[in-house]
Amino acid sequence: SRLIDDPHPCAQGTMPLMNAIARPGLTPTRVPSSGRININSKRSIGPVAAHASSNDNCTSSVTFKSIAAATAVGALLTLATAGGARAAPSAFVGEYADPKHPGCLRSISGEGSVLDVTGTDGTPGCANGEKQKPWSLKGEVVKIPSKEAEILIDFSPKGGPKNLLGKLTPEGGILFPDGNTWSKKQ
């Protein structure tokens, strides 16, 4: 078998990807008119290349193991890139102060478009040792073209609206339709 870097007299102007010896009876054949590979043929094919050679008299064999290895490497690189590439965290992720509930927790966390919104409520706040009731909600980041991202928070588990719209303020806070603004903590 030959290595990829070996020069091949028939591969001028092509970019060989692999050349090797096939197992008997499983040698695929390149169909000259279509460029497709016939896996039932017992003839040999030319070098597997990014650009096929126009000289059909030059032939060499290729193994399925080589094709499988190249495919596996490509798949692993794709998975590594997909797994390693993470979206930037949402601008909504962070801790907030709610003037209607002073000192109470307001937190948004998670990745992607669905975020966890957690907090506590006291009567009226949480800064003076009031009894606190924790809650957990879901929020969905929505992006409308030519607008800043917005968040829809489902407050129905707390008795509020199902899809309360929150808009980012220039300071990084969240402005709600009733005028309440959660200020982002540093």
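These numbers come from a predicted model, not from an experiment. (Residues numbered from 1 in each chain as written. Predicted model: local features only at pLDDT ≥ 70, side-chain atom pairs only at ≥ 80, totals over all residues. Heavy atoms only, no water.)

(A) How the structure looks around the overall build of the protein chain. The helix and strand tally for the protein chain stands at one helix and 12 strands. For the protein chain, the α and β elements follow one another from N to C terminus as β-β-β-β-α-β-β-β-β-β-β-β-β. Taken across its 186 residues, the protein chain has 31% of its residues classed as buried. Split by element, the accessible area of the protein chain, about 12,000 Å² in all, is 58% carbon and sulfur. (Helix = DSSP H or I, 4+ residues; strand = E, 2+ residues; numbered from the N terminus. Buried < 20%, exposed > 50% of the residue type's maximum accessible area, 1.4 Å probe, protein only. Areas by Shrake-Rupley, 256 points an atom, 1.4 Å probe, with all protein chains shown as cover.)

(B) Representation of the pattern of salt bridges. Within this structure, the stated rule accounts for eight salt bridges. The salt bridge involving Arg106 is made with Asp121; its shortest N-O contact spans 2.8 Å. In this pair, Arg106 sits in strand S6 (residues 106–109) while Asp121 sits in strand S7 (residues 114–121), placing the two residues 15 residues apart along the sequence. A salt bridge links Lys162 to Asp154; its shortest N-O distance comes to 3.4 Å. You can call Lys162 exposed: its relative accessible area is 53%. By sharing partners, the salt bridges in this structure join Asp98, Arg106, Asp121 and Lys158 into a single network. (Salt bridge = Lys/Arg side-chain N within 4 Å of Asp/Glu carboxyl O.)

(C) Geometry of the state of the cysteines. In the structure shown here, the tally under the stated rule is one disulfide. Two residues share a disulfide in this structure: Cys104 and Cys126, whose sulfurs sit 1.9 Å from each other. On the sign convention where negative means left-handed, the S-S torsion of about 90° between Cys104 and Cys126 marks this disulfide as right-handed. Of this pair, Cys104 sits in the loop between strand S5 (94–97) and S6 while Cys126 sits in the loop between S7 and strand S8 (133–142), and the two are 22 residues apart along the sequence. Assessed through its relative accessible area of 2%, Cys104 is described here as buried. (Disulfide = S-S within 2.5 Å.)

(D) Here's a closer look at the pairing of strand S10 (residues 164–168). In this sheet, S10 lies alongside strand S9 (residues 150–153) in antiparallel orientation, the contact comprising four bridges. Among the inter-strand pairings, Glu150 is bridged to a residue of S10, identified as Lys167. As defined by bridge partners, S10 adjoins strand S11 (residues 174–175) across two bridges and the pair is classed as antiparallel. Each bridged residue has a counterpart across the sheet, and for Lys167 the counterpart in S11 is Leu175. (Pairing = 2+ DSSP bridges.)

(E) Spotlight on the confidence of the model for the protein chain. When pLDDT is averaged along the protein chain, the result is 73, and 53% of the positions lie at 70 or above. Residue range residues 1–6 is modelled with pLDDT below 50. Its contacts to residues more than four positions away, or to other chains, number eight contacts. (pLDDT = per-residue confidence, 0-100. Contact = heavy atoms within 4.5 Å.)

(F) Main features of the nonpolar core. Counting 15 residues, the largest nonpolar core has Phe92, Ile108, Val117, Ile151, Ile153, Ile174 and Trp182 as its most contacted members. Counting residues per element, the ones that place at least two in this core are S7, S8 and S9. Ranked by residue count, the leading element in this core is S8, at three residues. Not counting the four nearest positions on each side in its chain, Ile174 is found in contact with Phe92, Tyr96, Ile108, Ile151, Gly166, Lys167, Thr169, Asn180, Thr181 and Trp182. (Core = buried A, V, L, I, M, F, W, Y, C linked by side-chain atoms within 4.5 Å.)

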